[in-house]
Amino acid sequence: MTTLKQVKEKVTEKARAKINIGLDIKGKRPDGYHEVCMIMQTVSLYDTVTLEKTEGEMILECDDPYLPTDENNLCLKAAVAIKKKYELPGGYKISLKKRIPVAAGLAGGSADAAAVLRAVRKLEGLRLTDRDLCRVAKTLGADVSFCVRGGTALSEGIGELLTPLPDMEEVSVLLVNPDFPVSTAEVYKAYDELSDIVHPDINLLTDKLISNDITEFAPYMGNVLENVTIPMHPEIQFIKDFLNENGADASLMSGSGPTVFGLFRDPEKMEECKKKVKELDGIATVFSTVVSP
Ligand code: ATP
């Protein structure tokens, strides 16, 4: 279906997923947003976003029938926001090929939004820096700013304060997504009701990451939201243990979950572990990826 009057050009961008090597919450601001301290890492699993110019219409087509294709989709929100900010004429037809599981702790929606911003920059030939795009990104969601550039970064504030960290050396990453969604909003709400929480030390983890040696930094990896999501879904702990018992050098839940990732120095060990996870009784979808600069 197309209502385009005229298609001028086309740009395709990869929207890569992220994992959290560490995630802590520092507090809650008066406006209700949580102050975070997270180590973000892009992985090579990606959605594909293709943009074409239109005379004015904003259209989204998506191969995932369960995702909204109206203004609730972050792709359209991003296109509308950048058009408004830079007073761009015309509109866009966006095609989204969805591969990143939805509501999985992998920031798929944020990655898509950031990819749309990059695609508009290219399509319109705009002389905008990543920092300029991040100004639009932060109005769209906490992780969108990180997804503009990706790589390895410390993310603070509500996700908009980014400090790039040295790229992680090539590490194999097994993503294990139990096939159910988890609402980020609900996890943060439940977190606010917890007390006596053990927090990971993200500053120490950041220092240890510089070694680029998993055995050095793995003991400091931690995600404070495991305190919430694991009691809700004990499968997550089972998957973490399973990965650790089957060759992973480290494993952790990403974001608010439920996806668990395993880091492997040895890609063969990862492939062996992947096979074993697949033999488990229909619990999950698995993706083998690598960290990506
Ligand atoms: P995060 O780790 O940033 O909390 P997540 O991986 O848990 O994100 P997403 O997959 O980004 O979650 O999506 C969360 C919600 O956003 C879903 O309920 C979905 O309906 C909505 N959404 C809007 N646009 C998109 C999109 N392009 N892709 C995925 N979800 C989208």
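See the structure above.
Residues numbered from 1 in each chain as written. Predicted model: local features only at pLDDT ≥ 70, side-chain atom pairs only at ≥ 80, totals over all residues. Heavy atoms only, no water.

Asks: Got a sec to walk through the overall build of the protein chain? Specific residues and values, please.
Replies: In terms of helices and strands, the protein chain carries ten helices and eleven strands. The C-alpha radius of gyration computed for the protein chain amounts to 19 Å, which stays within 12% of the reference 19 Å derived for 293 residues, consistent with globular compactness. By principal-axis analysis of the C-alpha atoms, the protein chain measures approximately 55 × 45 × 35 Å. Considering the protein chain as a whole, with its 293 residues, one finds that 53% of them fall into the buried category. In the protein chain, once contacts between residues fewer than 6 apart in sequence are set aside, the share between residues at least 24 apart is 73%. In the structure as shown, the protein chain presents an accessible area of about 13800 Å², 49% of it carried by carbon and sulfur atoms. Here the protein chain contributes 35 positive and 45 negative side-chain charges, whose respective centroids are spaced 7 Å apart. (Helix = DSSP H or I, 4+ residues; strand = E, 2+ residues; numbered from the N terminus. Rg over C-alpha atoms; globule rule 2.2 N^0.38 Å. Buried < 20%, exposed > 50% of the residue type's maximum accessible area, 1.4 Å probe, protein only. Contact = heavy atoms within 4.5 Å. Areas by Shrake-Rupley, 256 points an atom, 1.4 Å probe, with all protein chains shown as cover. Lys, Arg positive; Asp, Glu negative; His and termini not counted. Charge placed at Lys NZ, Arg CZ, Asp CG, Glu CD.)

Asks: Describe the nonpolar core, listing the residues and the values that go with them.
Replies: Formed by 65 residues in total, the largest nonpolar core has its most connected members in L51, I94, V116, L225, L243 and V277. Take this core: its biggest share by element is nine residues, from helix α2 (residues 108-124). Residues in contact with L243, not counting those within four places in the same chain, are L174, V176, A248, S251, V260, F261, G262, C273 and V277. A17, V43, V171 and V173 belong to the second largest nonpolar core, which has 29 residues in total. (Core = buried A, V, L, I, M, F, W, Y, C linked by side-chain atoms within 4.5 Å.)

Taken by themselves, the reported measurements are silent on function.
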